[in-house]
Amino acid sequence: MINSVKGTRDIIPPFSYIWNRTEEIAIKTFSSYGYLEIRTPILEHLELFQRSIGEDTEIVNKEMYVFKDRKGRDLALRPEGTAPVARAYLSTELKNQLHPLRLFYIGPMFRYERPQKGRYRQFYQIGAELLGLENPEADGEMLEVLIVFLKNLGFKELEILINSVGCDLCRKDYVVELKDYFEKRASQLCENCKDRLDKNPLRILDCKEEKCQPLKEKAPSISNFLCPDCKRHFEETLKLLEKLSIPFNINKNLVRGLDYYTRTVFEVVSKELGAQNALCGGGRYNKLISDLGGPPVPGIGFAIGEDRLIEILPEKFIEENSFKVDYFLIPVSQNETSFCFHIAQAIRKKGFVAITFLEGKGLKKGLKDASSLKAKNSIIIGEEEIKSGTLTIKEMATGFQKTVPIQEFLEGIK
Ligand code: HAM
């Protein structure tokens, strides 16, 4: 037997139906705000991620699937969706469309992490990006879209942790202070972070090593170094969130593990996922597109880990959105099969799920399959029924059975 690759998995029925339903609600919610789908390739040039996420980040340094193609080009499986969106902005017609641009994506991402519950090497993200606006209203809309989507799935008590990581100007003095703080305590850092001290001390703040956690918690916070413009942006964003009744908590230690962020950053966490596993991450990236060689187009967005989202979906959502067979049609013999097809079609037109028993192995096996599928009703169609223009309906839970004229039945189902 050949197993699936470590850290990857198959999403199989019937649970795949919950994935479909979740994605349908994402599409419906996002498009109601004017966000339309962008599908970018899974393969990109390695350089895209090196230049956007940053060479010293965990993702680029340790977690990327990188390989050479047959012509020796350095390619990577995308570890996230924002850099590809920025790349697509620059290399397609998007840049000439009316701004701001409202985009969303759903698809697989790849990171070579240690697999565990909620952490996979192939995982799925549901993300949205708003390109072309710098003002706090854009931050407000983005967070509203996120919260409304989660509410539409039935979540009630999720918390947004928010912070500002400032801009290059704020970071100048901050990085000096941060470096000084960690240098004085270098012996308590992991080997990677010792390396980061010179290269990019900011990245120490999102190191996942146990050893570095206590030092990180007491490190100086960027929030004391924000320049007046960044400070104003953050305050106005928070005010807007209050007006929109979007619940948030300021977390001064929140920095995020990707280099492209400026100003607002946020995460959504859930107790059920544990401290290391955020449900969603996002933030503003005012320099990403210009750093990739484009014009100064600011952006903000988020990505939800779909695997994690599905693991903690409210019970009620699962119950209401699991696949259910409304009618299972059983022809008593093969002679009635095509008739069953017609009736099933009429039922589907009314918006119900109807499956026809195709094996032609008689009533007993048909009813057995109906109960294995947990069908709500079976419809038994034999020679008699066809002659008299009736259907025999059996309610599976109670065993109650009745024979009704076809027309009456079809008019009656709602
Ligand atoms: P990120 O925080 O790296 O941000 O990932 C977003 C979410 O993807 C995480 O909160 C988590 O739920 C999920 N995720 C990440 N790695 C894994 C994994 N190995 N297994 C399962 N789920 C995982 C980004 O990717 C940014 N592009 C978000 C963004 C969009 N920022 C601006 N726009």
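Only a predicted model underlies this, so the values are computations on that prediction, with no experimental measurement involved. Positions within a chain are numbered from 1, following the residues in the order the chain's sequence is written. pLDDT decides what is reported in this predicted model: residues at 70 or higher carry local features, side-chain atom pairs at 80 or more are listed and counted, and totals for whole chains, interfaces and linings draw on all residues regardless. To get the side-chain values, all heavy atoms of the structure are used, and hydrogens and water are removed first.

Enquirer: So, the nonpolar core: which residues are in play, and what are the values?
Expert: Among buried residues, the Ala, Val, Leu, Ile, Met, Phe, Trp, Tyr and Cys ones that are joined through side-chain atoms within 4.5 Å form a nonpolar core. Here the term buried applies to any residue with accessible area under 20% of the maximum for its type, exposed to any over 50%, and partly exposed to those in between, with areas from a 1.4 Å probe on protein chains only. Grouped together as the largest cluster of nonpolar side chains are 57 residues, with contacts concentrated most on Phe 49, Leu 131, Phe 182, Leu 189 and Leu 205. At the level of elements, α2 (46–52), α3 (58–63), α4 (82–91), β5 (101–110), β6 (122–131), α6 (168–183), α7 (191–199) and α10 (288–291) are the ones that each hand at least two residues to this core. If sequence neighbours within four positions are ignored, Phe 49 has contacts with Glu 44, Gly 54, Val 60, Met 64, Ala 76, Arg 78, Pro 79, Glu 80, Ala 83 and Pro 84. Ile 162, Phe 266, Ile 304 and Ile 310 belong to the second-largest nonpolar core, a separate cluster that totals 42 residues. Here a helix means four or more residues in a row that DSSP labels H or I, a strand means two or more in a row labelled E, and each is numbered from the N terminus. Between two residues, a contact is recorded if the distance between any of their heavy atoms is within 4.5 Å.

Enquirer: Talk me through the packing of aromatic side chains; I want residue IDs and the actual numbers.
Expert: Centre distance within 6.5 Å is the pairing criterion for rings of Phe, Tyr and Trp, where only the six-membered ring of Trp is used; planes under 30 degrees apart are then read as stacked, over 60 as edge-to-face, and the remainder as tilted. Applying the stated rule across the entire model yields 13 aromatic pairs. Geometrically, the ring pair formed by Tyr 327 and Phe 409 is edge-to-face, given 5.5 Å between the ring centres and 90° between the ring planes. Of this pair, Tyr 327 sits in strand β12 (residues 327–331) while Phe 409 sits in helix α16 (residues 406–412), and the two are 82 residues apart along the sequence. Both residues of the pair, Tyr 327 and Phe 409, count as buried. Within the aromatic cluster, the residues linked to one another by ring pairs are Phe 30, Phe 104, Phe 149 and Phe 302. Distance and angle both matter: a charge sits over a ring if NZ of Lys or CZ of Arg is within 6 Å of the ring centre and within 35 degrees of the ring normal. The ring centre of Tyr 120 lies 3.9 Å from the NZ or CZ of Arg 9, which sits over that ring. Between the NZ or CZ atom of Arg 121 and the centre of the ring of Tyr 112, over which it lies, the distance is 3.8 Å.

Enquirer: Give a detailed account of the packing of helix α5 (residues 136–152) against helix α9 (residues 228–243), specifying residues and quantitative values.
Expert: Relative orientation of the contacting elements α5 and α9 amounts to 40°, with a least axis distance of 9 Å. The angle between α5 and α9 falls in the class oblique. Note that α5 runs across α9; the crossing there is right-handed. Taken together, the residues of α9 that come into contact with α5 (itself represented by Pro 136, Glu 137, Asp 139, Gly 140 and Leu 143) are His 233, Glu 236, Thr 237, Leu 240 and Leu 241. For this scheme, ten residues count as nonpolar: Ala, Val, Leu, Ile, Met, Phe, Trp, Tyr, Cys and Pro. Four count as charged, namely Asp, Glu, Lys and Arg, and the remainder, Gly too, count as polar. Classifying every residue of the contact of α5 with α9 by side-chain character gives 4 nonpolar, 3 polar and 3 charged. Structural elements are reduced to axes, namely lines fitted to C-alpha atoms, with helices fitted over the stretch in contact, and the angle between N-to-C directions of any two is expressed from 0 to 180 degrees. Each angle is binned into one of four classes, with values under 35 degrees roughly parallel, values over 145 roughly antiparallel, values of 65 to 115 roughly perpendicular, and all other values oblique. Here a crossing is called left-handed whenever its near helix is offset anticlockwise from the far helix by less than a right angle, and right-handed whenever the offset is clockwise.

Enquirer: Please give an account of the site of the ligand that cites residues and values.
Expert: Throughout, the term near means that a residue has one or more heavy atoms lying within 4 Å of the molecule or strand in question. Taken together, the neighbourhood of the ligand is formed by 27 residues, with Glu 80, Thr 82, Glu 113, Tyr 120 and Tyr 261 sitting nearest. With respect to the ligand, the side chain of Arg 111 contributes an N or O atom lying 2.9 Å from an oxygen atom. Between the ligand and Phe 302 there is a distance of 3.4 Å, counted from a nitrogen atom to a backbone nitrogen or oxygen. Per-residue accessibility takes into account occlusion by the displayed protein chains alone, with areas from the Shrake-Rupley method and a 1.4 Å probe. Protein contact buries 96% of the 660 Å² of open area that the ligand shows by itself. Whenever two N or O atoms come within 3.5 Å, that pair is a polar contact, provided that in protein one can donate a hydrogen and the other can accept it, and provided that, for residues adjacent in sequence, both atoms are side-chain atoms.

Enquirer: An account of the side chain of Arg 196 is requested, with residue identities and associated values reported.
Expert: When you line up the elements, Arg 196 lands in helix α7. Apart from residues no more than four positions distant in its own chain, Arg 196 is found in contact with Asp 56, Glu 58, Pro 201, Arg 203, Ile 204 and Cys 207.

Enquirer: Please provide a residue-by-residue account of the environment of Cys 340, values included.
Expert: Following the sequence through the fold, Cys 340 ends up in helix α13 (residues 337–349). Measuring from C-alpha to C-alpha, the distance between Cys 340 and Gln 116 comes to 47 Å, with 224 residues separating the pair along the chain. Not counting residues up to four positions away in its chain, the partners in contact with Cys 340 are Leu 329, Ile 330, Pro 331, Thr 356 and Ile 381.

Enquirer: Account for the sheet that holds strand β4 (residues 74–77), with residues named and values stated.
Expert: Two strands pair under a simple rule: DSSP has to find at least two bridges between them. The 3 strands lie next to each other as β2-β4-β3, forming an open sheet whose pairing is antiparallel. Taken across any chain shown, the strands that pair with only one partner, and hence form the sheet edges, are β2 (43–45) and β3 (66–68). For this sheet, the mean angle separating the axes of adjacent strands, direction not counted, is 40°. Pairing analysis gives 3 bridges linking β2 to β4, with the strands arranged antiparallel.

Enquirer: Please give an account of unusual backbone geometry that cites residues and values.
Expert: Trans peptide bonds make up the majority, and among non-glycine residues the majority have a negative phi. Residue Pro 14 is reached from Pro 13 by a cis peptide bond, and omega for that bond is 0°. Summarising the element assignment, Pro 14 is placed in the segment before α1 (16–32). Residue His 99 is joined to Pro 100 through a cis peptide bond whose omega torsion reads 0°. Secondary-structure assignment places Pro 100 in the loop between α4 and β5. Residues other than glycine seldom take positive phi values, yet Ser 245 does so here, at roughly 55°.

Enquirer: A description of the sheet that holds strand β9 (residues 264–269) should follow, citing residues and the corresponding values.
Expert: Each strand in a sheet pairs with another by means of backbone hydrogen bonds, the pair being arranged parallel or else antiparallel. In spatial order, the strands read β1-β5-β6-β11-β10-β9-β7-β8; together these 8 strands make up an open sheet with mixed pairing. With partners counted over all chains shown, the strands left at the sheet margins are β1 (36–37) and β8 (248–250), one partner each. Direction of pairing for strand β10 (residues 280–284) relative to strand β11 (residues 299–305): antiparallel, over a ladder of 5 bridges. Residue pairing across strands places Gly 282 opposite Phe 302, the latter belonging to β11.

Enquirer: Outline the pattern of salt bridges, supporting the account with residue identities and numerical values.
Expert: For this document, the term salt bridge refers to a Lys or Arg side-chain nitrogen within 4 Å of an Asp or Glu carboxyl oxygen. Within this structure, the stated rule accounts for 25 salt bridges. Across the salt bridge formed by Glu 267 and Arg 256, the nearest N and O atoms sit 3.0 Å from each other. Remark: Arg 256 occurs in the loop between β8 and β9 and Glu 267 occurs in strand β9; sequence separation between them is 11 residues. Side by side, Glu 267 and Arg 256 carry an identical accessibility label, which is buried. Residues joined by salt bridges that share partners form a network here, namely Glu 58, Lys 62 and Arg 196.

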